[in-house]
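What the coordinates show
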Amino acid sequence: MEIREKWQKLPGAAATVYVCLLLTVFLFYFDANGYGRIMEAKAGAFFLLCGGYVLLMALWGAGSLLLGGGKGFSPLSLLRKTSWPQRLVLGYLALTWVSALCSPFWPATVLGASRFEGALPITLYGASFLLVSAYGRADKRLLGFLGVSVCGFSLICLLQLYGYNPFGLYPAGYTYQDGGKAYLGAYLGTIGNVDLVAAFYSLCIPMLAYALVRLRGKARFLLLLPLGLSLWVLLWMDVSAGLAGVFGGCALAVPGAGFISPKKRRAAALLLGGAVLLGIAALYAADVGTGMLHEAHCLLRGQADPGFGSGRLHIWGEVLERIPKRLWLGAGPDTMLYGGLKPFQRYDSQMGRTIVAQIDAAHNEYLNILYHQGIFALGAYLSLLILLAKRWIAQAPTSAGAAILGAGCLGYCIQAFFGISMCTTALFFWTALALLAAPGCLSSPEGGT
């Protein structure tokens, strides 16, 4: 009996260990060659960690069938036990594989042509979601791992911002300050590109902030350290998508995060809506400088430039122009590199030359799904987000875990409008979604995680 009980507890323990490894080993893993090979290094770690977890659970499932003699098992009975979020993920994965198989670029669609975002990696995202949502639980241990990991990650970033080169991630003799001068792009921490660092912070910072608000006890104030360090890095690196995700997520989560009474939710929503409209009117009326605010002012006045948003308007235009050709099933996962999109070009005065960048991602995760996997897959994905958003708002008043996870997921979804999906950060988002969908998160009492 004792062996059988331990066997039944294995999935829950495996889910906890998986999330802890994700927040530690995966987050801090890098290649000895530094940023020059970090995408390949992270992809290898992703396949080992996520693929190993899925394989372990598949073996557990097979063992359970053998122990139980296979009585009463069928795919249909298993499907009946799934929740609606899990069914939407299964539908999303099925549509992704249909897109991959029907693509003219098969078999490149299996792993992906440039960013390891093919059908197989996406399947691992979905499979990990199904497992964590079925057996995982958001608790204080995981929040503690998150706080410690964000703290360590932010300290590495700060050392780099101050001109140091811990772990030799930059080429010898170079630092963060040489980005855009001696080499293209900007890189930080053990994630790599600063846009991906911004995506990670867009998920984590709102979670840390709302944990401070919703939890009880003096121990929660320990979260001020990772929160302060991560905000320091976020403001210093000044990535517009990250700023929008963090501050937009924190602000827009107020009506649904459960720390105000239901009667005041509508008032809070109206107040936020009014503030947004007032901000838009102010941006329309006055050009307040350079950067993101200047570009927003010009866009509101119909003075768009394809170079706005680091070329995102040009990229979005190229992507939208080609979507109608394969609207239903898309071009196939991670095949934009083969799509013949006109490269983005700009003259860099610091480097003294014209930079030509091939387009292999839409720089908008929703548009990226529409282009690669088609309108049905995008519909399944958005339906999943909408359903979990409804559960978040409904359960946040009685579940601090739901409130915290929902705020983080909202922040990530905002930055995703300008961001790139890669296993480097997407795996954290899918795991947060899974914990939000897990029954254990939604049943936790006020003041718990």
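Read on for an overview of the structure. (Residues numbered from 1 in each chain as written. Predicted model: local features only at pLDDT ≥ 70, side-chain atom pairs only at ≥ 80, totals over all residues. Heavy atoms only, no water.)

To continue, consider the overall build of the protein chain. On a plain count of helices and strands, the protein chain comes out with 18 helices and 4 strands. For the protein chain, the proportion of its 449 residues judged to be buried stands at 49%. Here the analysis covers contacts within the protein chain between residues at least 6 apart in sequence; of these, 73% occur between residues at least 24 apart. Counting only carbon and sulfur atoms, one obtains 68% of the accessible surface of the protein chain, whose full area is about 20600 Å². (Helix = DSSP H or I, 4+ residues; strand = E, 2+ residues; numbered from the N terminus. Buried < 20%, exposed > 50% of the residue type's maximum accessible area, 1.4 Å probe, protein only. Contact = heavy atoms within 4.5 Å. Areas by Shrake-Rupley, 256 points an atom, 1.4 Å probe, with all protein chains shown as cover.)

Per the stated rule, a full pass over the model turns up 26 aromatic pairs. For the pair Tyr 35 and Tyr 187, a centre-to-centre distance of 5.3 Å together with 25° between the ring planes defines the contact as stacked. On the criterion of sequence distance, the pair formed by Tyr 35 in the loop between α1 (2-28) and α2 (38-68) and Tyr 187 in strand β1 (residues 187-188) is long-range, its members being 152 residues apart. We classify Tyr 187 as partly exposed; its relative accessible area is 23%. Ring geometry for Phe 417 versus Phe 418: centroids 5.3 Å apart, planes at 80°, classification edge-to-face. (Phe/Tyr/Trp six-rings, centres within 6.5 Å; stacked < 30°, edge-to-face > 60°.)

Time to look at a nonpolar patch on the surface. A cluster of nonpolar side chains, contributed by Leu 159, Tyr 162, Tyr 164, Trp 232 and Trp 236, occupies part of the molecular surface with about 570 Å² of accessible area. Relative to the elements of secondary structure, Trp 236 occurs in helix α9 (residues 224-237). Residue Trp 236 is classed as partly exposed on the basis of its relative accessible area of 34%. (Patch = residues over 30% accessible without salt bridge, like charges linked within 9 Å, V, L, I, M, F, W, Y side chains within 5 Å. Salt bridge = Lys/Arg side-chain N within 4 Å of Asp/Glu carboxyl O.)

This part covers helix α15 (residues 375-395). Look at α15: 30 Å from first C-alpha to last across 21 residues, which is about the 30 Å you get at 1.5 Å a residue. In this structure, the buried side of α15 is in contact with α4 (84-102), α6 (119-135), α14 (365-373), α16 (400-415) and α17 (423-437). (Expected span 1.5 Å × (residues − 1).)

Let us look at the pattern of salt bridges. Counted according to the given criterion, the structure contains 4 salt bridges. The partner of Arg 141 in a salt bridge is Asp 139, with the nearest N and O atoms 2.8 Å apart. Between Glu 318 and Arg 322 there is a salt bridge whose closest N-O contact spans 3.0 Å. On the criterion of helical spacing, the pair formed by Glu 318 and Arg 322 is a turn pair, its members being 4 residues apart in helix α13 (residues 308-322). Both residues of the pair, Glu 318 and Arg 322, count as buried.

Bringing the nonpolar core into the picture now. Ranked by size, the top nonpolar core spans 123 residues in total, and within it Phe 129, Leu 188, Tyr 201 and Met 237 carry the most contacts. Apart from the residues within four sequence positions on either side, Leu 188 is in contact with Tyr 35, Cys 157, Gln 160, Leu 161, Tyr 170, Tyr 176, Val 194, Val 197, Val 233 and Met 237. (Core = buried A, V, L, I, M, F, W, Y, C linked by side-chain atoms within 4.5 Å.)

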